[in-house]
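Coordinates in review
Residues per chain, in single letters:
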Amino acid sequence: MPKSNNNKKKNFAIGAGVAVAAALLGAASYTATKPSDSPGTTLKASAGAAPSAEPQTGVYPELEKLARRDAKDPLAQGRADAPVVMVEYADFKCGFCGKFARDTEPGLVKQYVDKGVLRIEWRNFPIFGADSERAARGAWAAGRQGRFWQFHEAAYAEGAKEKGFGEERLTELAKEAGVKDLDRFAADAGGDAAQAAVKKDQEEAYGLGATSTPSFLVNGRPISGAQPDEVFRQAIEAAAGQAGGKGASE
């Protein structure tokens, strides 16, 4: 089936940046093998990418184009026209993703998102098998009712991933997140649209050569792993300056 012109342009952008992205986003503490197209395939991988590398300094315009800037995207927070977009590829079963969500992200939201400097766009990148897939679809389904970030917080709470992401557990997380229509949530999570949305994000990440979670793009600058807070702040401030926007200190 022929792809739209928009998809062709995006695929070209990914292709142009894949060599550098593969080297940078793949420079984490473990490697993983791409699964087959069937959902629920388990990868041989560890619990996430540790903050083991020096911050990357390269910025690639081809990768910056992957920011979607869709004002109606429920899996994003911050102004669609913010000068800086951080794309995050993550898995709810990833321990270092949880560490970033609990320890680093709230500070970035307060310092940059709330001030209109930063937009965060989430991409579901489930790589740890069936539980990861279910959690990703559940998060997407929560987003259909405007509760993605509340689900995100509940799923990344301390000790949450150890309880697994079976169907009953997903319903518990949806309740905790304030999802009102649980029947719709279950239908959405198990539907074709959820599968397609998650697969789209996965293919984008694999197209970049990402083999670890979490992986990030900050206005086209790849960052691998749950790096120290300052790495993200420096990247955001630099990107804001280059975009002509104002950083939090201005």
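No experiment lies behind these values; they were computed from the predicted model shown.

**As for unusual backbone geometry**
Comment: phi is negative for the bulk of residues other than glycine, and the bulk of peptide bonds are trans. Of note, the bond from Thr 213 into Pro 214 is cis; its omega dihedral lies within 30 degrees of zero at -5°. Here Pro 214 is to be found in the loop between helix H8 (192–207) and strand S4 (215–218). The phi dihedral of Arg 69 falls on the positive side, at around 50°, and the residue is not glycine. Structurally, Arg 69 is set in the loop between helix H2 (61–64) and strand S1 (76–77).

**What to know about the nonpolar core**
Within the largest apolar cluster, 59 residues are counted, with the highest numbers of intra-cluster contacts made by Met 86, Phe 92, Leu 118 and Phe 151. Here this core gets 7 residues from one element, more than from any other, and that element is helix H3 (residues 95–113). Sequence-distant contacts of Phe 92, defined by excluding residues within four places in its chain, comprise Trp 122, Asn 124, Ala 135, Ala 136, Ala 139, Phe 148, His 152, Ala 155, Tyr 156, Lys 161 and Phe 165.

**Focus: helix H4 (residues 130–143)**
Working note: α-helix, 3.6 residues per turn, so residues spaced by three or four point in the same direction. With 14 residues, H4 should cover 20 Å at 1.5 Å per step; its first-to-last C-alpha distance of 20 Å lies within 8% of that length. Buried residues dominate H4, accounting for 12 of its 14 residues. The complete set of buried residues in H4 reads Asp 131, Ser 132, Glu 133, Ala 135, Ala 136, Arg 137, Gly 138, Ala 139, Trp 140, Ala 141, Ala 142 and Gly 143. Buried residues belonging to H4 abut strand S3 (118–124), helix H5 (148–155), helix H6 (167–176), helix H7 (182–189) and H8.

**Description of the sheet that holds strand S2 (residues 84–90)**
Backbone hydrogen bonds hold the strands of a sheet together, and the pairing may be parallel or antiparallel. Across the sheet, 5 strands lie side by side as S1-S3-S2-S4-S5; this open sheet has mixed pairing. Of all strands in the sheet, those with a lone pairing partner are S1 and strand S5 (221–224), marking the two edges. Pairing geometry for S2 and S3, over 7 bridges, is parallel. Its bridge partner being in S3, Val 84 is matched across the sheet by Leu 118.

**Some points on the environment of Gly 164**
Relative to the helices and strands, Gly 164 is located in the loop between H5 and H6. Residue Gly 164 is classed as buried on the basis of its relative accessible area of 11%. Excluding residues that lie within four positions of it along the chain, Gly 164 makes contacts with Asp 131 and Arg 169.

**Regarding H6**
When H6 is considered as a whole, its buried residues turn out to be Arg 169, Leu 170, Leu 173 and Ala 174. For H6, the angular spread of the buried residues around the axis is 145°, confining them to a single face. Residues of H6 that are exposed and point more than 90 degrees away from the buried face comprise Glu 168 and Lys 175. Of the surrounding secondary structure, the elements contacted by the buried residues of H6 are H4, H5 and H7.

**Section: the packing of aromatic side chains**
Going through the model one piece at a time under the given rule, you end up with 11 aromatic pairs. Put simply, the rings of Phe 92, Trp 122, Phe 148, Trp 149, Phe 151, Tyr 156 and Phe 185 pair up and form one aromatic cluster.

**Things to note about the pattern of salt bridges**
Overall, the coordinates contain 15 salt bridges when judged by the stated rule. One salt bridge connects Glu 158 with Arg 102, and the closest N-O pair in it is separated by 3.3 Å. Of this pair, Glu 158 sits in the loop between H5 and H6 while Arg 102 sits in helix H3; the two residues are 56 residues apart in sequence, bridging distant segments of the chain. On the accessibility criterion, Arg 102 (32% relative accessible area) is partly exposed. Through salt bridges with shared partners, a single ionic network connects Arg 68, Arg 119, Glu 121, Arg 123, Asp 201 and Glu 204.

**Overview of the confidence of the model for the chain**
With 75% of its residues at a pLDDT of 70 or more, the chain shows a mean pLDDT of 83. A low-confidence stretch, residues 1–5 (pLDDT under 50), is modelled with 2 contacts involving residues beyond four sequence positions or located in other chains. Across residues 26–56 the pLDDT falls below 50, and counting only partners more than four positions away or on other chains, this stretch makes 78 contacts in the model.

Rules used throughout
Per chain, the residues get numbers from 1 upward, laid out in the order the sequence is written. Given that the model is predicted, a residue must reach a pLDDT of at least 70 before its local features are reported, and side-chain atom pairs must reach 80 or more before they are shown or counted; all residues, however, enter totals for whole chains, interfaces and linings. As a rule here, side-chain values come from all non-hydrogen atoms in the structure, and water together with hydrogens is ignored. Per the convention used, a helix needs a DSSP run of H or I reaching at least four residues, while a strand needs a run of E reaching at least two, with both numbered from the N terminus. Here, nonpolar core means buried Ala, Val, Leu, Ile, Met, Phe, Trp, Tyr and Cys residues that are tied together by side-chain atoms lying within 4.5 Å of each other. Relative accessibility decides the category of a residue: with a 1.4 Å probe and only protein chains considered, values under 20% of the type maximum give buried, values over 50% give exposed, and everything between is partly exposed. It only takes one pair of heavy atoms within 4.5 Å for two residues to be counted as in contact. Every helix has an expected span of 1.5 Å times one less than the residues it contains. Here, a strand pair is defined by DSSP locating no fewer than two bridges between the strands. Note: the arc covers the axis-to-C-beta directions of the helix. Pairs were defined over the aromatic rings of Phe, Tyr and Trp, the Trp ring being its six-membered one, requiring ring centres within 6.5 Å. Orientation was assigned from the angle between planes: stacked under 30 degrees, edge-to-face over 60, tilted for the rest. Throughout this description, the term salt bridge denotes a Lys or Arg side-chain nitrogen within 4 Å of a carboxyl oxygen of Asp or Glu. For every residue, the pLDDT score states the predictor's confidence, bounded by 0 at the bottom and 100 at the top.

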